[in-house]
Every structure is written in structure tokens, then in C-alpha cells.
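Chain residues, written in single-letter form:
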Amino acid sequence: MKKTLILGASTNPSRYSNKAANMLRKHGHDIVNIGLSGGEVAGVPIEKKGDVRTDIDTVTMYLGEQNQKEYYNYILATKPKRIIFNPGAENAEFEQLAMENGIKTERACTLVLLSTGQF
């Protein structure tokens, strides 16, 4: 299973990051929730950006491009295998930086990838 960092995690059940957290857990994946507000999603606390994690396979982005810049170094330092830019989170600048650092990028929907067995 792929340990996944959800950037933009929300306790609001109507948000796609919330739906993704629950679906990832349902499919047996460990998750790390990173967001601005506290609480928990899918039984996992929402944390603020802090210590760099070294066990992340996938980062799934739910922040708009304008809110991603402050996370560039944090995400690159985690050295994930891939970053999924969900609809509305596309960011050509960060995709380029990720690829230059050997990180695969995808413009895709985590929910669709999980539903179709492509995650």
C-alpha cells in the first residue's frame, strides 16, 4: 500500500480532500493529513506542515496553485515517488520542479484513480 500525504486536508465532508482521505483508508492506504485547521479525517489527525516525512510514496494535492508555493520545499524534501495534481490544483511550475527532482507527476483525480484500480 502507498502511504499518501494529502495536502489540503479538510474536515468538511463535501470537500474532495475529505472524500479522498476516506477512500484511501477504505482501500487500505495509510495517510497523512496536512491542512490549516485541526480535527481529523478518516481517523487520522490533520497536521500543520512540520517535520519532513521520509516514508511518503504519493502526495495528492488539493490546494490551488496560489497556495502551493509555501509547500514546495517541504514536499520536495519528503522525496515522494509521485505527486498527483487533482483538478483545480494543477501547477506547471511545481510539476517542473518535481520532475527536476526525480518525482513523477500526474494530473489526475485521486478518487477516479482509486475507483478504477489505477492508484
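The present account deals with the structure reproduced in this document. What you see is a predicted model, and the numbers here were worked out from it, not measured in a lab.

## Describing the sheet that holds strand S3 (residues 40–41)
Thinking step 1. Pairing is mixed in the open sheet, where seven strands are placed in the order S3-S4-S2-S1-S5-S6-S7. Of all the strands in the sheet, just S3 and strand S7 (104–107) have a single pairing partner and so form its edges.
Thinking step 2. Sheet topology places strand S2 (residues 31–34) next to strand S4 (residues 44–47); two bridges connect them, and they run parallel. Across the sheet, Asn-33 pairs through a bridge with Ile-46, a residue of S4.
Thinking step 3. Where helix H3 (residues 92–100) meets the sheet, it contacts strand S5 (58–61), strand S6 (82–85) and S7, and its direction lies at approximately 150 degrees from that of S7.

## A few points about H3
Thinking step 1. Every buried residue belonging to H3 is among Phe-94, Glu-95 and Ala-98, and all of these are buried. Looking straight down H3, one finds its buried side chains confined to an arc of 105 degrees; they lie on one side. Of the exposed residues in H3, those oriented more than 90 degrees away from the buried face are Ala-92 and Glu-100.
Thinking step 2. Residues of H3 that are buried sit in contact with S5, helix H2 (72–78), S6 and S7.
Thinking step 3. Sitting at the amino-terminal end of H3 is Asn-91, which places a side-chain oxygen 3.2 Å from the backbone nitrogen of Glu-93.
Thinking step 4. One or two steps after H3, the chain reaches Gly-102, where phi turns positive at roughly 75 degrees.

Conventions adopted
- The residue count restarts for each chain, going from 1 along the sequence in the order it is written.
- Residues qualify for local features only when their pLDDT is at least 70, as the model is predicted, and side-chain atom pairs are given and counted only at 80 or more; totals for whole chains, interfaces and linings, by contrast, use all residues.
- The basis for the side-chain values is all heavy atoms of the structure; hydrogens and waters are excluded.
- In short, DSSP must find at least two bridges between two strands for them to pair.
- Secondary structure follows DSSP: runs of H or I at least 4 residues long count as helices, runs of E at least 2 residues long count as strands, and numbering of each begins at the N terminus.
- Any two residues whose heavy atoms approach within 4.5 Å are treated as being in contact.
- Between N-to-C directions, angles cover 0 to 180 degrees, with each direction set by a line fitted to C-alpha atoms, over the stretch in contact for helices.
- Only protein chains enter the area calculation, which uses a 1.4 Å probe; residues under 20% of their type maximum are buried, those over 50% are exposed, and those in between are partly exposed.
- Working definition: the arc comes from the directions between the helix axis and the C-beta atoms, pointing outward to the latter.
- Pairs of N or O atoms are called polar contacts if they sit within 3.5 Å, as long as, within protein, a hydrogen donor faces a hydrogen acceptor (for residues adjacent in sequence, only side-chain-to-side-chain pairs).

Function cannot be read off these values alone, since they describe shape.
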